[in-house]
Amino acid sequence: MAARSITQRWVARHLPARPDRAHKGDFGRLLVVAGSIDYPGAALLAALGAMRAGVGVARVAAAESVVARLAGTIPELTWMALDEEAPGLIAPGGWRRVTAEASAFDAVVIGPGLGRQPATQRRTRQLISSLTPPTVVDADALNALADGSRWWQGVRGSLVLTPHPGEFARLTGADAPDGDDDEARGKAVAAAAVRWDQVVVLKGAHSVVAEPGGELLRSEVSTPALATAGSGDVLAGVIGAFLAGGSPALEAAACGVAVHGAAGLLAAERIGSAGVMARDLAGLLPEAIAQLRGDRSR
């Protein structure tokens, strides 16, 4: 099946509405489970991506020492400081708290910068299998799933998995398709979406989005401005924001890819193809969204 392009018109139809008389609750509450001592910035970038994409409230759940290091960096963020058993390593009680409180949120993002300690990976798999809100699974959470046997059989909720080619290969147990072979990439992602019964985004130049029912969408964006550390964390937050705002998984994923790509093109135009940082992408998200909506007032 050939992939359809994610066009500006398609995105404009499917972006979450922004009514003039809305309040923050209308735009959703997002829980971001992310960050560790070695990668605290990943949590900030995912949450910043969500906020710049329009989520009503973003709350970061991380180990106590990570929260102590980050709290106040972005005043608009809220925090859930979790018990830890070592610096930056969430204790069992902390994982139980996240599991108990996650259902109060409209969507979840899990994985950016969590780390790959065996205990963290095991508990991440357990949390993902228990979640009922729609959830973006990214980065170290994808690696956690790859280390589990038939992980997809125990999942209760709707997931959007966002692997880059290396993570996709670990999840599937096979070599990732050639990045220049769009047909092979589309077939591989479509097969994975059916097998796992979840929406899958294969990131890279011309990212591809697939859902189990057979829909296959392809980004037309390819720019080195997006090839920078933390770019994927921002994308996870954007998709999480759209899920929290009520978009179905496929629409949230494809709109997230489109908005992230549009921000990358704006960054390349204004900053250059080299030197763009993930925070630059996040800062350009509101303009990218306005552009894709067709808002000519900006």
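Everything in this summary refers to the structure shown in the same document. Just so it is clear, the model here is predicted, and its values are computed rather than measured. Residue positions are given per chain, counted from 1 along the sequence in the order it is written. This being a predicted model, a pLDDT of at least 70 is required before a residue's local features are given, and a value of 80 or more before pairs of side-chain atoms are given or counted; all residues contribute to the totals for chains, interfaces and linings. Values shown for side chains rest on all heavy atoms present in the structure; no hydrogens or waters enter the calculation.

**Overview of the overall build of the protein chain**
The test is simple: Starting at the N terminus, helices and strands are each numbered in turn, a helix being any DSSP run of H or I of at least four residues and a strand any DSSP run of E of at least two. We compute the radius of gyration over the C-alpha atoms and compare it with the globule rule, which gives 2.2 Å times the number of residues raised to the power 0.38. When accessible area is computed with a 1.4 Å probe and restricted to protein chains, residues below 20% of their type maximum are described as buried, those above 50% as exposed, and intermediate ones as partly exposed. Two residues qualify as a contact provided that any one of their heavy atoms is within 4.5 Å of a heavy atom in the partner residue. Charge assignment in this entry is limited to Lys and Arg as positive and Asp and Glu as negative, and neither His nor the chain termini are counted. For charged residues, the charge sits on one atom: NZ in Lys, CZ in Arg, CG in Asp, CD in Glu.
Check the secondary structure of the protein chain and you find 11 helices and 12 strands. Computed over the C-alpha atoms, the radius of gyration of the protein chain is 18 Å, within 12% of the 19 Å expected from 2.2 N^0.38 for a compact globule of 298 residues. Summarising its shape, the C-alpha atoms of the protein chain cover approximately 50 × 45 × 35 Å along the three principal directions. Counting only residues that meet the buried cut, the protein chain has 54% of its 298 residues in that class. Excluding contacts between residues fewer than 6 apart, the proportion of contacts in the protein chain whose partners are at least 24 apart in sequence is 66%. Separation between the mean location of the 29 positive side-chain charges and that of the 30 negative ones in the protein chain comes to 4 Å.

**Section: helix α8 (residues 182-196)**
Under the convention used in this document: By definition here, a helix of n residues has an expected span of 1.5 Å times n minus one. Taking the helix axis as origin, the arc is that swept by the directions to the C-beta atoms.
Here α8 is 15 residues long and its end C-alpha atoms lie 21 Å apart, about the 21 Å a rise of 1.5 Å per residue gives. Among the residues making up α8, those that are buried are Arg185, Gly186, Val189, Ala192, Ala193 and Trp196. Take α8 and look down its axis: the buried residues cluster within an arc of 135°, on one side only. In α8, the exposed positions that point more than 90 degrees away from the buried face belong to Glu183, Lys187 and Val194. Positive phi shows up at Asp197, right after α8, with a value of about 60°.

**As for the pairing of strand β10 (residues 199-202)**
Which entries qualify depends on this criterion: Any two strands with at least two DSSP bridges between them are considered paired.
Burial of β10 is two-sided: the residues Val199 and Val201 facing one way and the residues Val200 and Leu202 facing the other way are all buried. For strand β9 (residues 159-161) and β10, the ladder comprises 2 bridges, and the chain directions are parallel. Looking at the pairing, Val160 lines up with Val199 of β10. Between the antiparallel neighbours β10 and strand β11 (residues 208-210) lie 5 residues, among them Gly204 with a positive phi of about 140°.

**So, the environment of Asp38**
The residue Asp38 is located in the loop between β2 (29-33) and α2 (40-52) in this model. Note on Asp38: relative accessible area 61%, which makes it exposed. A C-alpha to C-alpha distance of 9.4 Å links Asp38 and Val66, two positions 28 residues apart in sequence.

**Examining the sheet that holds β11**
Threshold: Axes here refer to lines fitted to C-alpha atoms; in helices the fit is confined to the stretch in contact. Angles between the N-to-C directions go from 0 to 180 degrees.
Overall, mixed pairing links the 10 strands, which are arranged β1-β12-β11-β10-β9-β8-β7-β2-β3-β4 in an open sheet. The sheet is open, and its two edges are formed by β1 (4-5) and β4 (78-82), each paired on a single side. Across 4 bridges, the pairing between β2 and strand β7 (residues 107-110) is parallel. By the bridge assignment for β7, Val32 is matched with Val109. Of the strands in this sheet, β2, β7, β8 (135-137) and β9 are in contact with helix α5 (residues 118-130), which crosses β7 at around 160°.

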